[in-house]
Amino acid sequence: WKLSSGLVTGRLGSGALNITGGGRVESSFGILGRELFSTGTVNVDGPGSEWTNSGSLDIGGLGLGTLNITGGGKVQSASSRVGLDDPGSGVVTVDGSGSEWIVSGELKLGVEGFGTLDITAGGSVVSHTNAFIGSGPFSISTATVAGAAPNGAGSNWTIGGRLSIGGDAPAGLDGGTGTLKIQPGG
């Protein structure tokens, strides 16, 4: 499925997209859970299943966004923000050997909202430039890297630039709160 523009899942209500069985989706950008009280979920599951964004991928605008990459699925984007706006929240799970999320630009967890990233059971995230956990004022975000796949491959997060945990804020504003948990197998 090739889109000439972006893909919004859960703009004003609830929306879900399942990419399975080797299916592929290409879009210029993606937004999950765009407006207040909306929910957007994308599941990318299985070998060969892939979602490619030539631009940004935002998980959780003003609403709730959930991205699940499992069973060897892959997601790619130029940049990504998880938990973009207050009071929105975003949750990304990358689970299982061969499951991969590749971000060629910056990856930000918690811009003004709440962001969660779980890399488990041999999943892999690659941030080609900088990564931020709790990047914006008042945001609260957590990243967890834990667990090995049955074949022994550990979960991993590779960052090509710098990692910032807990954000900077303008004078008079609280910075974000970030937590990184590296557990056995991570």
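First things first, this report covers the structure right here in the doc. (Residues numbered from 1 in each chain as written. Predicted model: local features only at pLDDT ≥ 70, side-chain atom pairs only at ≥ 80, totals over all residues. Heavy atoms only, no water.)

Moving on, we come to the sheet that holds strand β7 (residues 56-59). In space, the seven strands of this open sheet follow the order β1-β4-β7-β10-β13-β16-β19, with parallel pairing throughout. The outermost strands of the open sheet, each flanked by one partner alone, are β1 (7-9) and β19 (163-165). The sheet shows a mean angle of 5 degrees between the axes of neighbouring strands, taken without regard to direction. In this sheet, β7 lies alongside strand β4 (residues 30-32) in parallel orientation, the contact comprising three bridges. Across the sheet, the residue bridging to G30 is L57, located in β7. (Pairing = 2+ DSSP bridges. Helix = DSSP H or I, 4+ residues; strand = E, 2+ residues; numbered from the N terminus. Axes fitted to C-alpha atoms, helices over the stretch in contact; angles between N-to-C directions.)

This part takes up the environment of A121. Checked against the element boundaries, A121 lands in the loop between β14 (114-120) and β15 (124-127). Accessibility expressed as a relative area gives 24% for A121, which makes it partly exposed. Sequence spacing of A121 and G71 is 50 residues, and the spatial spacing of their C-alpha atoms is 10 Å. In this view, A121 contacts D95, G96, S97, A146, G147, A148, A149 and S155; residues no more than four positions away in its chain are not counted. (Buried < 20%, exposed > 50% of the residue type's maximum accessible area, 1.4 Å probe, protein only. Contact = heavy atoms within 4.5 Å.)

The next point concerns the pairing of strand β12 (residues 100-103). Of the pairings in the sheet, the one linking strand β9 (residues 74-77) to β12 comprises four bridges and is parallel in character. Each residue of the ladder has a partner; that of V75, found in β12, is W101. Note that β12 and β15 share four bridges and pair parallel. Counted as the bridge partner of V103 is S127 from β15.

Structural measurements only, silent on function.
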